[in-house]
Amino acid sequence: KALNHVNIVRLVDVCQSHSHSEEHICNLVLEFCQYDLFDLIHNREINFPLRAIKSAMRQIFGGLRAMHSYDIVHRDLKPENILVTSNGILKLTDFGLARLLKSHNNEQEVQTKCFSPLVGTRWYMPPEVLLGKQNYGAEVDMWAAGLIMVEFFTREQLFRGENECHQLYLISEICGFINPFDITSVAPHFNCYGISFPTCKRKVWEHLGRAAKDVFALNLIDRLLIINPKRRLKATTAYFHDFIHKK
């Protein structure tokens, strides 16, 4: 309930019930939204003019900006987890995998948490999570937001890997060589079973230029889909990007 933001689904109430095994079941009552973003994006009868994509991404970045300001990372951002009201208001939802990024010990020292690797939906996972990194941060949500933005233009998912290794291969083909030294604390046991990733150059603009066309849109996507998580745009920077505010 602390996440009181127009672009985050509102928690109306929490109710408890009992199952046949006498276990307590916690039910969350959320505000009603008519649609989810996946159905809208993949409905070819619906057109998304540039102004609609700008509005949608502004709202997604706004919701993420609010979440990240509370040190909360969603970890499973995808179109299915973004609801849309009849008035066109986007709302982030499904916080089952969301976690606090930091905790405080008894001396009130801030500690960065480690998380379980490989959580969320593979097609929206960033390279660091696919590689088994556990001390990742809000950058994982920004990678997913970049892929959602691509989906608005192409009407399909950009990377549809059959497994984690294939997913990394597809990412490296467009986003460039995945250098493990760029992604610290990679799980030492990670094994891609002999698969070598291509050392091709980064070609985000070339691959998406025909679909996106707008130079500000391509610049924003390019700065979100960066292999090195430390160089990826933060939610606030993305929210104030020229693509969002230039007419």
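Residues numbered from 1 in each chain as written. Predicted model: local features only at pLDDT ≥ 70, side-chain atom pairs only at ≥ 80, totals over all residues. Heavy atoms only, no water.

A. Layout of the environment of Glu164. In this structure, Glu164 sits in helix α5 (residues 164–175). Of the residues examined, Glu164 reaches a relative accessible area of 26% and is grouped as partly exposed. In this structure, the C-alpha to C-alpha distance between Glu164 and Val129, residues 35 residues apart in sequence, is 9.5 Å. (Helix = DSSP H or I, 4+ residues; strand = E, 2+ residues; numbered from the N terminus. Buried < 20%, exposed > 50% of the residue type's maximum accessible area, 1.4 Å probe, protein only.)

B. Geometry of the environment of Ile171. Position of Ile171 relative to the elements: it lies in helix α5. Sequence spacing of Ile171 and Pro126 is 45 residues, and the spatial spacing of their C-alpha atoms is 8.8 Å. Once residues within four sequence positions are removed from consideration, Ile171 is found in contact with Met125, Pro127, Leu130, Trp143, Phe159, Gly176, Ile178 and Ile227. (Contact = heavy atoms within 4.5 Å.)

C. Main features of the confidence of the model for the protein chain. When pLDDT is averaged along the protein chain, the result is 85, and 77% of the positions lie at 70 or above. Segment residues 104–111 is flagged for pLDDT under 50; beyond a separation of four residues in sequence, or across chains, it makes nine contacts in the model. Below a pLDDT of 50 lies the segment residues 185–189, which in the model reaches eight contacts outside its immediate sequence neighbourhood of four places, other chains included. (pLDDT = per-residue confidence, 0-100.)

D. The arrangement of the sheet that holds strand β3 (residues 35–36) in detail. Reading across the sheet, the three strands line up as β3-β5-β6 and stay open at both edges, with antiparallel pairing between neighbours. Sheet topology places β3 and β6 (90–92) at the edges, where each strand pairs with a single neighbour. Pairing between β3 and strand β5 (residues 82–84): two bridges, direction antiparallel. When the sheet's bridge partners are listed, Tyr35 is paired in β5 with Val84. (Pairing = 2+ DSSP bridges.)

E. Spotlight on the packing of helix α2 (residues 50–69) against helix α4 (residues 139–154). It is the contact of α2 with α4, at a shortest axis distance of 11 Å, that shows an interaxial angle of 165 degrees. By the angle between their directions, the pair α2 and α4 is classed as roughly antiparallel. Crossing hand, α2 versus α4: right-handed. Two secondary-structure elements touch here, α2 through Leu50, Ile53, Ala56, Met57, Ile60, Phe61, Leu64 and His68 and α4 through Asp141, Met142, Ala145, Ile148, Met149, Phe152 and Phe153. Its residues assigned to classes, the contact of α2 with α4 shows 13 nonpolar, one polar and one charged. (Axes fitted to C-alpha atoms, helices over the stretch in contact; angles between N-to-C directions. Parallel < 35°, antiparallel > 145°, perpendicular 65-115°, else oblique. Left-handed = near helix turned anticlockwise from the far one by under 90°. Nonpolar A, V, L, I, M, F, W, Y, C, P; charged D, E, K, R; others polar.)

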